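Descriptive structure summary
Below, each chain spelled out in residue letters.
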Amino acid sequence: MTTGGGGILLFSGGADYADPWHPFAETSAIVADVLRDEGDVTVVDTLDDLAERIDAADMLVVNAGGGTAPHPLDARLAEILAAYGGPLLALHVAATLLPEHTVWEARLGGRWVRDETYHPERGPLHVRAVSASVADLDPLDTVDEAYTALRVSPEADVLLVHDHADGVAHPLAWTHESNGCRAAYSALGHDAEAYAPPLAPELIRRLSRWLLT
């Protein structure tokens, strides 16, 4: 699957990386439409296409996941990503990628930890802003999966949280910078319904503008 062409490269699940829970082609098309406000977008879903185009990308967006276990292509994906030092935006299940490669967590500033991180059944979700950069976002309600107990670096700038029944504020979005490389993550965006309210699309716009600054 390839659309458009230009500065923003979106690696989508659905071909080399896929799972039975996420409609990657649908959500990646929505994300691409949102990002076209910032520039031309190319969507790829194979590692061959990712490797071919990543060197020219002004920003890399990852909307893909590998399922419940390490993926057979993880070593190659890790190699491709390790060579990329530009702005990185990771979305939703991308936090689960590369469970055996610490470089992904270091680059992203956090990750989904298998057997620790979880989410309740998808449903209404109220989000709370904890950073001045997103304090004006309104409304802060959506329908999505409330990712809970993500492991987040203390060096990350957490932007949004949800208050779970355990009494803990769990991060849902953050920015991270290390060794001059910028990364941002949003846990929102399970499916098209999650992108229907304004929250998830507007968050993508703000994160991408911070990354491209």
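The model shown is predicted, which means the values in this text are computed figures rather than measured ones. (Residues numbered from 1 in each chain as written. Predicted model: local features only at pLDDT ≥ 70, side-chain atom pairs only at ≥ 80, totals over all residues. Heavy atoms only, no water.)

**Notes on the UniProt feature "domain: ThuA-like" (unreviewed entry) in the protein**
Following the UniProt record, one finds the feature "domain: ThuA-like" (unreviewed entry) at residues 24–210. With 27% helix and 27% strand, residues 24–210 has its two end C-alpha atoms placed 24 Å apart. (UniProt positions renumbered as here; feature names shortened; annotations may be inferred. Helix = DSSP H or I, 4+ residues; strand = E, 2+ residues; numbered from the N terminus.)

**Details of the environment of histidine 164**
Mapped onto the fold, histidine 164 is located in the loop between strand 10 (157–163) and strand 11 (169–178). Dropping the residues within four chain positions of it, histidine 164 is found in contact with Tyr118, Pro120, Thr148 and His170. (Contact = heavy atoms within 4.5 Å.)

**Quick word on the packing of helix 1 (residues 24–35) against helix 6 (residues 199–212)**
Packed helices, taken two at a time, are described by the angle between their axes plus the distance between the axes. At a minimum axis distance of 10 Å, the contact between helix 1 and helix 6 shows a crossing angle of 55°. Judged by the inter-axis angle, helix 1 sits oblique to helix 6. Once helix 1 is placed against helix 6, the crossing between them reads as right-handed. Contact with helix 1, carried on its side by Val31, Val34 and Leu35, involves Pro201, Ile204, Arg205 and Ser208 of helix 6 and no other residues of that element. (Axes fitted to C-alpha atoms, helices over the stretch in contact; angles between N-to-C directions. Parallel < 35°, antiparallel > 145°, perpendicular 65-115°, else oblique. Left-handed = near helix turned anticlockwise from the far one by under 90°.)

**What to know about the environment of histidine 101**
Locating histidine 101 in the fold gives a position in the loop between strand 4 (88–91) and helix 4 (102–108). Assessed through its relative accessible area of 24%, histidine 101 is described here as partly exposed. Sequence separation of histidine 101 and alanine 29 is 72 residues, and the distance between their C-alpha atoms is 28 Å. Apart from the residues within four sequence positions on either side, histidine 101 is in contact with Asp74, Ala75 and Ala78. (Buried < 20%, exposed > 50% of the residue type's maximum accessible area, 1.4 Å probe, protein only.)

**A word on the packing of aromatic side chains**
One pass over the structure, following the stated rule, counts 3 aromatic pairs. Note on tryptophan 112 and tyrosine 147: the rings are 4.9 Å apart at their centroids and 75° apart in plane angle, and the pair reads as edge-to-face. Pair noted here: tryptophan 112 is in the loop between strand 5 (110–111) and strand 6 (123–126) and tyrosine 147 is in the loop between strand 8 (141–144) and strand 9 (151–152), with a separation of 35 residues, a long-range link. An identical accessibility class is assigned to tryptophan 112 and tyrosine 147; each is buried. When the ring of tryptophan 174 is compared with that of tyrosine 185, the centres are 4.7 Å apart and the planes differ by 40°; the resulting orientation is tilted. Highlighted residues: tryptophan 174 in strand 11 and tyrosine 185 in strand 12 (residues 181–186), separated in sequence by 11 residues. According to the relative accessible area criterion, tyrosine 185 is buried, its value standing at 0%. (Phe/Tyr/Trp six-rings, centres within 6.5 Å; stacked < 30°, edge-to-face > 60°.)

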